[in-house]
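Here are the chains, one letter per residue:
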Amino acid sequence: MRVFLRLCSLAVALVTKIASVATAAPAKYQRSTPYNFQSEKGGLFDENYDNIPSLLNVSSSLTFTTGSSFWASSFVQGSNGHQYFLVMHAFLGEELTMRYGFMDITRGKSYVQAAHSTTNYTLSESSTGITGVSANGAFFTAANSSDLLAGLHYGVSSSNLSFDVSFGFSPVLLYGGLGVFQGTNGLTVHEWASPAGYTTGHLVVNGSRVDIQPAASTTWFDRQWGGAYAAWHWFEINLDVDGLGPVKMGVCDGYDAGTATWRKFVAVREQPGIQILEAVPDITAILTSAGGRTFTSAVTNTTYDLDYVMTFQDQSTILHVATITADQEIVATPALTAAYEGMISITGTYKGMRAAGYGVLEISTA
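Residues numbered from 1 in each chain as written. Predicted model: local features only at pLDDT ≥ 70, side-chain atom pairs only at ≥ 80, totals over all residues. Heavy atoms only, no water.

**Side note on the pairing of strand 25 (residues 318-323)**
Where a strand is regular, its side chains alternate between the two sheet faces.
Right, on to step 1. The pairing of strand 24 (residues 307-311) with strand 25 spans 5 bridges and is classified as antiparallel. Bridging from a neighbouring strand, Val309 pairs with His320 of strand 25.
Right, on to step 2. Where strand 24 hands over to strand 25, the hairpin turn is made up of 6 residues, of which Gln315 adopts a positive phi near 65°.
Right, on to step 3. Both strand 25 and strand 27 (residues 339-350) contribute to a ladder of 6 bridges, which runs antiparallel. By the bridge assignment for strand 27, Ala322 is matched with Ser345. (Pairing = 2+ DSSP bridges. Helix = DSSP H or I, 4+ residues; strand = E, 2+ residues; numbered from the N terminus.)

Okay, here's the thing in structure tokens:
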């Protein structure tokens, strides 16, 4: 849900805090062992992908056009024994907007972030189109401009933040089941994800280079264009399900300004080729009186809920979501670039089977 409202020409002022309930909060985040970050190889398309009547040309969408959103979150194991969370977003509209964040998961160290919008940016072009963008030391580009399916490359080098990440593609997840769904004011949203890309590269921590360990690292890449919601909560969810294994899903609670309706649904990829679209009728924030937490930004004065419970249509999938630290807002001037992009810990059940995992909560209040 990362196509900015400037593209959609929306000027909607609304409160996006989703319904709160006096439900018992999940236990305070504690972790005695490292997260199990795993990637997948094999590329975007499994052997039966052509049987799915998708409305997208996934391959051709790997070039930048006006209104393009390229977004990635990486969960990586470092050569120093620490695990890290990285996030990068590039949006090409009338300006190039880039925002990015970094956190040492092992230490629970404060989130480091930056964002900027500029008309002074550089495009990387090849015979296939615009294959990359860069500005102010940050970049998001094709790993190989002559083979867009080889993967992507992103990073930043600044005084307080430095990382360089390359990742391949994993079998695709199609939002809406076929890669398209209705956004605000009837606009069609096109969106797909590669949820578990093989990840390499390095980062700089306290002046020292830390190499990414590919066997214990992964990257979720999300590609969106054409439309969006006026405001949203979006959850990247990576589950390890007892008896089933890895399950990837994107949960959306998006506000359609045209109909004044919140759309709540999930795109699930259990295995390559298994695309599930399901309603999520109950996505609720836990009240502070019941142990839920909030964070109020000193920069934007926005208050974000940090603990949630969601119940899927099947009634046997119930997930508790908690951010692992409070302040994970990416902010800059203008405020349009602000968003909450926070790592989350997840527990619960999937189709009645015990499940746990990690992911990202993105909140845009527009």
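**With respect to the confidence of the model for the protein**
The predicted coordinates ought not to be read in detail in places where the model reports low pLDDT.
Right, on to step 1. Here the protein shows a mean pLDDT of 89. Residues at 70 or above account for 89%.
Right, on to step 2. Predicted confidence is poor over residues 4-17, with pLDDT under 50, and the contacts of this stretch with residues over four places away or in other chains come to 35 contacts.
Right, on to step 3. Every residue in residues 25-32 scores below 50 in pLDDT, and together they form 14 contacts with partners more than four places removed in sequence or on other chains. (pLDDT = per-residue confidence, 0-100. Contact = heavy atoms within 4.5 Å.)

**Some details on the environment of Met343**
Right, on to step 1. Residue placement: Met343 occurs in strand 27.
Right, on to step 2. By relative accessible area, which is 0% here, Met343 ends up buried.
Right, on to step 3. In this structure the C-alpha to C-alpha distance between Met343 and Ile105, which are 238 residues apart in sequence, comes to 9.0 Å.
Right, on to step 4. The contacts of Met343, once residues within four sequence positions are left out, are Tyr35, Phe75, Phe85, Met103, Ile105, Ala322, Thr323, Ile324, Gln328, Tyr358 and Gly359. (Buried < 20%, exposed > 50% of the residue type's maximum accessible area, 1.4 Å probe, protein only.)

**Notes on the pairing of strand 21 (residues 282-286)**
Right, on to step 1. Most of strand 21 is tucked away: 4 of the 5 residues are buried.
Right, on to step 2. Bridge count between strand 21 and strand 24: 4 bridges; the pairing is antiparallel. Opposite Ala285, over in strand 24, you have Tyr308 as the bridge partner.

**Description of the packing of aromatic side chains**
Right, on to step 1. Evaluated as defined, the whole model comprises 29 aromatic pairs.
Right, on to step 2. With a centroid separation of 4.9 Å and an interplanar angle of 70°, the aromatic rings of Phe37 and Tyr358 are classed as edge-to-face. Residue Phe37 is located in the loop between strand 1 (20-21) and strand 2 (68-77), and its partner Tyr358 is located in strand 28 (residues 353-364); the two are separated by 321 residues in the primary sequence.
Right, on to step 3. For Phe37, a relative accessible area of 2% translates into the label buried.
Right, on to step 4. For Tyr358, a relative accessible area of 5% corresponds to the buried category.
Right, on to step 5. Over the ring of Tyr198 we find Lys41; its NZ or CZ atom is 4.3 Å from the centre of that ring. (Phe/Tyr/Trp six-rings, centres within 6.5 Å; stacked < 30°, edge-to-face > 60°. Lys NZ or Arg CZ within 6 Å of the ring centre and 35° of its normal.)

**Section: unusual backbone geometry**
Right, on to step 1. The phi angle at Asn185 is positive, at roughly 55°, despite the residue not being glycine.
Right, on to step 2. Relative to the elements of secondary structure, Asn185 occurs in the loop between strand 12 (180-182) and strand 13 (188-197).
Right, on to step 3. One non-glycine residue with positive phi stands out, namely Asn301, at about 65°.
Right, on to step 4. Note on placement: Asn301 falls in the loop between strand 22 (294-296) and strand 23 (303-305).
Right, on to step 5. For Asn301, a relative accessible area of 63% gives the class exposed.

**Concerning the side chain of Thr317**
Right, on to step 1. For Thr317, the location among the structural elements is in the loop between strand 24 and strand 25.
Right, on to step 2. Not counting residues up to four positions away in its chain, the partners in contact with Thr317 are Met310, Thr311, Phe312, Thr349, Tyr350 and Lys351.

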